[in-house]
Amino acid sequence: MKINCIVIEDEPLAMERMVDYIRKLPVLNLVSTFDNALDAINTLKTGEADLVFLDINLGNFSGIQLLESVQIRSHIVITTAYPDYALKGYDLNVTDYLLKPFLFERFVQAVDKVHQAMLNNGPGFEQDFFFVKTETRLEKIPFNELCFIEGMRDYRKIHTVKKKIMTLQTFTEFEKELPANIVCRVHKSYMVALHKIDSVEKDRIYIQDAVIPVSETYRKQFYQLLKK
């Protein structure tokens, strides 16, 4: 299976490196390159590209603005020198986040992630929701609405932007089911949605009005995910 891709990058040297990386992988077919986001919009709307390598700092119209304003069915791999947009990127359903300067091996990992997602789910976004058993029904929860999961004795309380849901599902079951780059265990009694974190201070996570502790057991894993 060939993956049709485009590159949106305004730095000539970075563009040259990306094109070189793409040409080294037979699975990739480079459709076009753009040095700004606006010129790429028509190509994105046609659905011609399965994968977009997208820089963030693109002058007057950034990569983030592009993702927020245009409905894109392609997989997105962000390429940037700035780690600050990682959580925002995952909130916008990006498939991977490459921090410049990245090596060819890391580039291959990102492409493989896209390839596996396309094999499992077909073209377009990866699955962006999960189901949870509550009382006598299965309730659908979109990842972008999940805030955190709280342990309450035998129950888990799922906090979303719209409501709270009680379930008997265990944290172990959630850890197996939910993507680790989206929902992370931070305490024996808490899992948090990374994209909903407002701030972290002194091993305390702030999500809306909630203050969630980070325990010693999960501290290293949590901060490593934030760095990614």
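Here is a short report on the structure shown in this document. None of these values were measured; they are calculated from a predicted model.

## Structural notes on the pairing of strand β3 (residues 51-55)
Two faces make up the sheet, and in a regular strand the side chains alternate between them.
(1) Moving on: Along β3, five of the five residues are buried, which leaves the element largely enclosed by surrounding structure.
(2) Moving on: Residues Leu51, Phe53 and Asp55 point to one face of β3 and Val52 and Leu54 to the other, with burial holding for every one of them.
(3) Moving on: Looking at chain direction, strand β1 (residues 3-8) and β3 are connected through four bridges and run parallel. Across the sheet, Cys5 pairs through a bridge with Leu51, a residue of β3.
(4) Moving on: As paired elements, β3 and strand β4 (residues 75-80) share five bridges and run parallel to each other. Directly across from Val52, in β4, lies its bridge partner Ile76.

## Focus: a nonpolar patch on the surface
(1) Moving on: A contiguous nonpolar patch, built from Met152, Tyr155, Met166 and Leu168 and spanning about 360 Å² of accessible area, is present on the exposed surface.
(2) Moving on: Within the element layout of this structure, Tyr155 appears in strand β9 (residues 155-160).

## A few points about helix α1 (residues 12-24)
(1) Moving on: The terminal C-alpha atoms of α1 lie 19 Å apart, and with 13 residues this matches the ideal 18 Å at 1.5 Å per residue to within 8%.
(2) Moving on: Every buried residue of α1 is listed here: Ala14, Met15, Met18, Val19, Tyr21 and Ile22. Take α1 and look down its axis: the buried residues cluster within an arc of 160 degrees, on one side only. The exposed set on the far side of α1, more than 90 degrees from its buried face, consists of Pro12, Leu13, Glu16 and Arg23.

## A closer look at helix α7 (residues 216-227)
(1) Moving on: When the terminal C-alpha atoms of α7 are compared, their 18 Å separation across twelve residues agrees well with the 16 Å that a helix rising 1.5 Å per residue should span.
(2) Moving on: All buried positions along α7 are accounted for by Tyr218, Phe222 and Leu225. For α7, the buried positions fall inside an angular range of 60 degrees around the axis, keeping them on one side. Facing away from the buried side of α7 by over 90 degrees, the exposed positions are Glu216, Lys220 and Lys227.
(3) Moving on: Contacts from the buried residues of α7 go to β11 (183-187), β12 (190-193), β13 (199-201) and β14 (204-207).

## Things to note about the packing of aromatic side chains
(1) Moving on: For the coordinates displayed, the defined rule picks out ten aromatic pairs.
(2) Moving on: Geometrically, the ring pair formed by Tyr21 and Phe107 is tilted, given 5.3 Å between the ring centres and 45 degrees between the ring planes. One end of the pair, Tyr21, is in helix α1; the other, Phe107, is in helix α5 (residues 104-121), with 86 residues separating them in the sequence.
(3) Moving on: We classify Phe107 as buried; its relative accessible area is 0%.

## Here's the deal with the sheet that holds strand β2 (residues 28-34)
(1) Moving on: Taken in spatial order, the five strands make up an open sheet running β2-β1-β3-β4-β5, and their pairing is parallel. Two strands close off the open sheet at either side, each with one partner strand: β2 and β5 (96-99). Each strand of the sheet is rotated relative to its neighbour by a mean of 20 degrees, with strand direction disregarded.
(2) Moving on: Taken together, the six bridges between β1 and β2 define a ladder with parallel strand orientation. Bridge pairing links Asn4 to Asn29 in β2.
(3) Moving on: Along the sheet, α1 contacts β1, β2, β3 and β4; its crossing angle with β2, the most-contacted strand, is approximately 165 degrees.

Each value, and the rule that gives it
- Residues numbered from 1 in each chain as written.
- Predicted model: local features only at pLDDT ≥ 70, side-chain atom pairs only at ≥ 80, totals over all residues.
- Heavy atoms only, no water.
- Buried < 20%, exposed > 50% of the residue type's maximum accessible area, 1.4 Å probe, protein only.
- Helix = DSSP H or I, 4+ residues; strand = E, 2+ residues; numbered from the N terminus.
- Pairing = 2+ DSSP bridges.
- Patch = residues over 30% accessible without salt bridge, like charges linked within 9 Å, V, L, I, M, F, W, Y side chains within 5 Å.
- Areas by Shrake-Rupley, 256 points an atom, 1.4 Å probe, with all protein chains shown as cover.
- Salt bridge = Lys/Arg side-chain N within 4 Å of Asp/Glu carboxyl O.
- Expected span 1.5 Å × (residues − 1).
- Arc of directions from axis to C-beta.
- Contact = heavy atoms within 4.5 Å.
- Phe/Tyr/Trp six-rings, centres within 6.5 Å; stacked < 30°, edge-to-face > 60°.
- Axes fitted to C-alpha atoms, helices over the stretch in contact; angles between N-to-C directions.

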